[in-house]
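# Close look at the chain arrangement
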Amino acid sequence: MITDFTPFASLAGGILIGTAAVLLMAVQGRILGATGVLAGVLIPAQSSDRAWRAALLAGMVAGPLAYMLLTGQMPAVEVPVSKPALVLGGVLVGIGVSYGSGCTSGHGICGMARLSPRSIVATLSFMLSAAITVFVIRHVIGGA
Amino acid sequence: MKLIATWLIGLLFGLGISVSGMANPAKVLNFFDVAGNWDPSLLFVMGGALAVTFAGYRIVFRRLGAPVFAPRFVLPAARAIDARLVGGSVVFGIGWGIAGFCPGGALPALGTGKADVWLFSAALVAGLLAARATMKLAAGRAAGRAET
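Residues numbered from 1 in each chain as written. Chains lettered and ligands numbered in written order. Predicted model: local features only at pLDDT ≥ 70, side-chain atom pairs only at ≥ 80, totals over all residues. Heavy atoms only, no water.

By the naming in an unreviewed UniProt entry, chain B is Permease, taken from Celeribacter indicus.

Under the Sequence similarities (unreviewed entry) heading, UniProt states for chain A: "Belongs to the TsuA/YedE (TC 9.B.102) family." According to its UniProt record, chain A has this under Subcellular location (unreviewed entry): "Cell inner membrane". (UniProt positions renumbered as here; feature names shortened; annotations may be inferred.)

In structure tokens form, the structure reads like this:
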């Protein structure tokens, strides 16, 4: 499946994501990581933390609706993989972000912006392993 | 008030993800497919987000003594670059390369109501809970050994 190169929309989206990360630090004093938000809602450590994480998660899920109000359509979600691949990928992502202590938002944006050596190593590790995985699936196994 | 402000920040993040293309696995997988239908758009997502966060964090830390709604800034204290960090990240990358969703892309995408996103997210939650339970068990065993 070929996708269009969208530098302006992607840059604008990135700026909004960064703005959200900065505002969360200013307001709650926390890193904006999707893994931490999800884990915090599922496994409560402190009740006060759970409430704001749940509010943040509810806001995230409402994001596509805001997009629809602004543009008149839902954001594209095209899934070029099978359902078993989605399940396998989901389980591996859940295990990986738990042991790796973060994902693209927490390590890749917030941690890298703080120049955290841990986050730089984590980001390089998951970007490289994702690229190798896609190469193996599409060009070694799939041969497409 | 606190929760409304935090909800709005989540909304901004979810809107950003929607605009950027990170909620779309076809685009994410093509970003990694340098040898195929390469779509470099996500470089612009990372670049834009990093530039704003890098500058914004510095302004926040310089101008604010404490966050508006919390007593202090809570930053990750861990420093160790170990097998757990790298191994976990590599496993995350494999899953990301198989499915095309990362947590930050999938959670806002739940709002589109697409069954595939909910399936991925259910698997993500299962993996996350299983890993946390295993980590807790291992930590408990280590503590037990230390006592004896």
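Another point: the overall build of chain A. The number of helices and strands found in chain A is 7 helices and 0 strands. Across its three principal directions, the C-alpha atoms of chain A cover 50 × 40 × 30 Å. Split into buried and exposed, the 144 residues of chain A put 52% on the buried side. A separation of at least 24 residues holds for 33% of the contacts in chain A among residues at least 6 apart in sequence. (Helix = DSSP H or I, 4+ residues; strand = E, 2+ residues; numbered from the N terminus. Buried < 20%, exposed > 50% of the residue type's maximum accessible area, 1.4 Å probe, protein only. Contact = heavy atoms within 4.5 Å.)

Let us look at the confidence of the model for chain B. Summarising the model, chain B shows a mean pLDDT of 94, and 99% of its residues fall at 70 or more. Reported confidences for the modelled complex are a pTM of 0.95 and an ipTM of 0.95. (pLDDT = per-residue confidence, 0-100.)

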